[in-house]
Amino acid sequence: MQQMDGRFLITGSSGQIGTELTVALVGRYGADRVIATDIVKPNRKDCMTAALDVTDADSVKKLVKEEGVTTIVHLAAILSAKGEKTPDLAFDVNVNGMRNVLNAASAVSGMKLFFPSTIGIFGPDTPKDNVPIETITRPTTMYGMTKLFCEQLGEYHFRKYGLDVRGLRLPGIVSYRTPPGGGTTDYSIEMLRAAAGGGNYTCFLKRETMLPMMYMPDALDAIVKLLEAPSSALVHRTNFNVMAFSFCPSDLENEIRKINPCFSVRYAPDERQAIADTWPRSLDSSAAAREWGFSAKYTLSGMVRDMLMNLAPLTRKE
Ligand code: AKB
């Protein structure tokens, strides 16, 4: 178990990444070191839990102060597809939530803050392949615009108040424990769930839509590595590009078919296609590798095998 003073506060802990990252942090630092929060009090027994609305500045400040929080993992956010349906909510949760968390964090000396940014901060003018950290960032979605602002607001707190802020631009994250909600890359998980349940799938993106992706164990490993990196090693702060591999829906379909030859996908792109069309195909993750040792272990075929094996018993229960 790693030694640490103070506690982790996780916002949005009931979401796709939060449910698994909470388990990882409890395993690494101990149950009494982790407070899992979400807008509805999380239903879990492995650590302390609380209801926390990140748009309520006073509640965020109070919890941080009263519970001796020294690291905030700020995951609460509205993702791309949901953000286009509810832009005001996305603005409120993503921008005001981040501002409240940053203000609470900067008021405590020695505080560390992690938050995920996204490939959504890129836009149609960004080059498509091997995209560097510094490039044209003109997102066209509310999600992308708010997350780009979060990166910049984080940098502002680092420069102005010395807050130890760290952030990653995550690609699509594939996982089986908690379904994601409201993302554009969610098709991949839906496809794998359909295959594991013995059904076929209608995909909301075109078969050739190539996007950068990563399997959850590699994402958790990346977050923990970035959190634990010595501050002095970080040249970048809130905008590390990371990805494991790129695939398009038909690559995933073909990979599933190697295990389940009867599986088939129908392609019926909807409004989420326009979001995916503005995102890059691949990212240059070399700064993350150089500055804090990022590496991803899973390949597409390894991920598909592991997903189908783990989803089979879960989809039987559903
Ligand atoms: C989404 O699809 O909105 C997210 C993301 C790529 O940030 N998974």
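Everything numeric in this text was worked out from a predicted model, so none of it was measured.

With respect to the site of the ligand
Near the ligand, the surroundings consist of Leu79, Ser80, Thr118, Ile119, Tyr143, Gly183, Thr184, Thr185 and Trp279. Within the contact set of the ligand, an oxygen atom lies 2.6 Å away from a backbone nitrogen or oxygen of Thr184. With respect to the ligand, the side chain of Thr185 contributes an N or O atom lying 2.9 Å from a nitrogen atom. For the ligand, the protein covers 93% of the area, taking 250 Å² as the surface of the free molecule.

Overview of the environment of Glu228
Position of Glu228 among the secondary structure elements: in helix 7 (residues 216-228). Residues Glu228 and Trp292, spaced 64 residues apart in sequence, show a C-alpha to C-alpha distance of 8.7 Å. Excluding anything up to four places from it in sequence, Glu228 contacts Gln2, Arg28, Tyr29 and Arg166.

Considerations on the sheet that holds strand 7 (residues 172-174)
Strand order in the open sheet formed by three strands is 7-9-11, with mixed pairing between adjacent strands. The open sheet is flanked by strand 7 and strand 11 (245-247), the only strands paired with a single partner. Strand-to-strand twist in this sheet, taken as the mean axis angle between neighbours without regard to direction, amounts to 45°. Relative to strand 11, strand 9 (residues 211-215) is paired through three bridges, and the arrangement is antiparallel. Residue pairing for strand 11: Met213 is matched across the bridge by Phe245. Packed onto the sheet, helix 7 meets strand 7 and strand 9 and runs at close to 85° relative to strand 9.

Observations regarding the environment of Pro280
Within the element layout of this structure, Pro280 appears in the loop between helix 9 (272-276) and helix 10 (286-292). Note on Pro280: relative accessible area 1%, which makes it buried. Apart from the residues lying within four places of it in its own chain, the contact partners of Pro280 are Ile119, Phe122, Pro127, Lys128, Val131, Met210, Leu211 and Pro212.

Thoughts on the packing of aromatic side chains
In this structure the tally under the stated criterion is six aromatic pairs. With 4.7 Å between their ring centres and 45° between their planes, Phe8 and Tyr29 make a pair best called tilted. One end of the pair, Phe8, is in strand 1 (residues 7-11); the other, Tyr29, is in helix 1 (residues 16-29), with 21 residues separating them in the sequence. Grouping residues by exposure puts Phe8 and Tyr29 together as buried. When the centroid spacing of 5.9 Å and the interplanar angle of 35° are considered together, the rings of Phe245 and Phe247 count as tilted.

Quick look at the pattern of salt bridges
Throughout the structure, instances matching the rule amount to 16 salt bridges. Salt-bridge contacts for Asp164 lead to Arg166; the nearest nitrogen and oxygen are separated by 2.8 Å. Assigned by exposure class, Asp164 and Arg166 land together as buried. Residue Asp221 is joined to Lys225 by a salt bridge in which the shortest nitrogen-to-oxygen separation is 3.1 Å. Note that Asp221 and Lys225 are positioned in helix 7 at a spacing of four residues, about one turn of the helix. Judged by its relative accessible area of 26%, Asp221 is partly exposed. Residue classification places Lys225 among the partly exposed residues on the basis of a relative accessible area of 28%. Through salt bridges with shared partners, a single network forms among Asp164, Arg166 and Arg237.

About the criteria used
Residues numbered from 1 in each chain as written. Predicted model: local features only at pLDDT ≥ 70, side-chain atom pairs only at ≥ 80, totals over all residues. Heavy atoms only, no water. Near = heavy atom within 4 Å. Polar contact = N/O pair within 3.5 Å; in protein donor to acceptor, adjacent residues only side chain to side chain. Areas by Shrake-Rupley, 256 points an atom, 1.4 Å probe, with all protein chains shown as cover. Helix = DSSP H or I, 4+ residues; strand = E, 2+ residues; numbered from the N terminus. Contact = heavy atoms within 4.5 Å. Pairing = 2+ DSSP bridges. Axes fitted to C-alpha atoms, helices over the stretch in contact; angles between N-to-C directions. Buried < 20%, exposed > 50% of the residue type's maximum accessible area, 1.4 Å probe, protein only. Phe/Tyr/Trp six-rings, centres within 6.5 Å; stacked < 30°, edge-to-face > 60°. Salt bridge = Lys/Arg side-chain N within 4 Å of Asp/Glu carboxyl O.

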